[in-house]
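Listed here are the chains, written in short residue letters.
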Amino acid sequence: MKYRSVFDIIGPIMVGPSSSHTAGAAKIGRLARSIFGRQPKKVHISLYGSFAETYKGHATDVALIAGILDYDTNDPRLPEAPKYAEEAGVEIEITTEEAVPEHPNTARIRMMDGADEMEVVGISIGGGKVEIAELNGFQLNLSGQSPAILVVNHDRYGVIASVTEILSKQRVNIGNMRVSRKEKGKMALMVIETDDIMDESILSQIRVLPGVERVLRMED
């Protein structure tokens, strides 16, 4: 099959010469936006490894921008995502980095608006599958295939138990749970993958718990 332009690789299911660099990139952008919780006003995308070397030929930049605008991989607006981002007032900056990443298809996305700033690192592992590897320096390793909540909390006794108690009372089944911290007694992050998307009322209960700083949601 011959391609007349780079956008011909972005079809209804994002099939092209490299699903890692197109469909995967779009999914990374969309999951990053999901964690941010809204459309950012300013975005800086750093591309590493193979992403940095071939992003123009595979429309990786276009796909990442589309994901940040919350476009799915089969959205007909995807090929013109940079235009729609400009119309929406979203400032996009893309740079390539020489640093050698752990995975060749790596994007670091820093999202900002007047109230918040967040940095997400995503990798495309092949076949359109991705992994969100990092949030603000915390290790995640989330595939995005299951709904998840991210609880930023003070690293102290009882906080984890309080969160899981609410989930138990609300009959939320936890598929996977991980806890990480950068330094003992400082801030920690709970990553809780669930079978179903959690109702906002449950998240509201968690947000007011002592020791909880922030509750984020990630869903595809």
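- Named according to an unreviewed UniProt entry, the protein chain is L-serine deaminase originating from Paenibacillus aquistagni.
- Heading Pathway (unreviewed entry) of the UniProt record for the protein chain holds this comment: "Carbohydrate biosynthesis; gluconeogenesis."
- Taken from UniProt, the Sequence similarities (unreviewed entry) comment for the protein chain reads in full: "Belongs to the iron-sulfur dependent L-serine dehydratase family."

1. Side note on unusual backbone geometry
The general pattern is negative phi for most residues beyond glycine and trans for most peptide bonds.
Part 1: Despite not being glycine, Asn-141 shows a phi value in the positive range, around 60°.
Part 2: When you line up the elements, Asn-141 lands in strand S6 (residues 138–142).
Part 3: Exposure remark for Asn-141: the relative accessible area of 44% places this residue in the partly exposed category.
Part 4: Although it is not a glycine, Arg-171 sits at a positive phi angle of roughly 60°.
Part 5: Overall, the relative accessible area of 77% leaves Arg-171 in the exposed class.

2. Side note on the sheet that holds strand S5 (residues 129–135)
Part 1: Overall, mixed pairing links the six strands, which are arranged S2-S1-S3-S4-S5-S6 in an open sheet. Single-partner strands in this sheet number two, and they are strand S2 (91–96) and S6. Between one strand and the next, the sheet's axes are offset by a mean angle of 20°, whatever the strand orientation.
Part 2: With three bridges connecting them, S5 and S6 associate as antiparallel partners. Residue pairing across strands places Ile-132 opposite Leu-142, the latter belonging to S6.
Part 3: Its contacts with the sheet place helix H2 (residues 49–58) against strand S1 (42–48), S2, strand S3 (105–112) and strand S4 (117–126), and it is angled at close to 105° to S1.

3. Things to note about the packing of aromatic side chains
Part 1: For the coordinates displayed, the defined rule picks out one aromatic pair.
Part 2: When the centroid spacing of 6.3 Å and the interplanar angle of 75° are considered together, the rings of Tyr-71 and Tyr-84 count as edge-to-face. With a gap of 13 residues between them, Tyr-71 in the loop between helix H3 (60–68) and helix H4 (81–87) and Tyr-84 in helix H4 connect regions that are remote in the sequence.
Part 3: Judged by its relative accessible area of 8%, Tyr-71 falls in the buried class.
Part 4: By relative accessible area, which is 24% here, Tyr-84 ends up partly exposed.
Part 5: The ring of Phe-36 is capped by Arg-38, whose NZ or CZ atom sits 4.5 Å from the centre of that ring.
Part 6: Across from the ring centre of Phe-138, 4.7 Å away, lies the NZ or CZ of Lys-182, which sits over that ring.

4. Structural notes on the domain arrangement of the protein chain
Part 1: We note that the domain assignment places domain 1 (11–142) and domain 2 (148–218) within the protein chain.
Part 2: Centre-to-centre separation of domain 1 and domain 2, based on C-alpha positions: 26 Å.
Part 3: Listed as interface residues are 14 residues of domain 1 and, on the opposing side, 15 residues of domain 2.
Part 4: Interface area, domain 1 with domain 2, both sides summed: about 1,200 Å², of which 68% is carbon and sulfur.
Part 5: Three residues, Ile-35, Phe-138 and Leu-142, lead the burial of domain 1 against domain 2; their summed loss comes to 51% of the area buried on that side.

5. Examining the pattern of salt bridges
Part 1: Applying the stated criterion to the full structure yields 16 salt bridges.
Part 2: Between Arg-38 and Asp-116 there is a salt bridge, with the nearest N and O atoms lying 3.9 Å from each other. Residue Arg-38 is located in the loop between helix H1 (23–36) and S1, and its partner Asp-116 is located in the loop between S3 and S4; the two are separated by 78 residues in the primary sequence.
Part 3: Arg-38 gets classed as partly exposed once you look at its relative accessible area, which sits at 31%.
Part 4: Given the relative accessible area of 17%, Asp-116 is considered buried.
Part 5: Ionic pairing is found between Glu-117 and Arg-110, a salt bridge with its closest N-O pair at 3.4 Å.
Part 6: Using a relative accessible area of 45% as the deciding quantity, one classes Glu-117 as partly exposed.
Part 7: A relative accessible area of 28% means that Arg-110 is categorised as partly exposed.
Part 8: Through salt bridges with shared partners, a single network forms among Arg-38, Asp-113, Asp-116 and Arg-214.

About the cut-offs
Residues numbered from 1 in each chain as written. Predicted model: local features only at pLDDT ≥ 70, side-chain atom pairs only at ≥ 80, totals over all residues. Heavy atoms only, no water. UniProt positions renumbered as here; feature names shortened; annotations may be inferred. Helix = DSSP H or I, 4+ residues; strand = E, 2+ residues; numbered from the N terminus. Buried < 20%, exposed > 50% of the residue type's maximum accessible area, 1.4 Å probe, protein only. Pairing = 2+ DSSP bridges. Axes fitted to C-alpha atoms, helices over the stretch in contact; angles between N-to-C directions. Contact = heavy atoms within 4.5 Å. Phe/Tyr/Trp six-rings, centres within 6.5 Å; stacked < 30°, edge-to-face > 60°. Lys NZ or Arg CZ within 6 Å of the ring centre and 35° of its normal. Domains from an automatic or database assignment. Buried area = accessible area lost by both parts, 1.4 Å probe. Salt bridge = Lys/Arg side-chain N within 4 Å of Asp/Glu carboxyl O.

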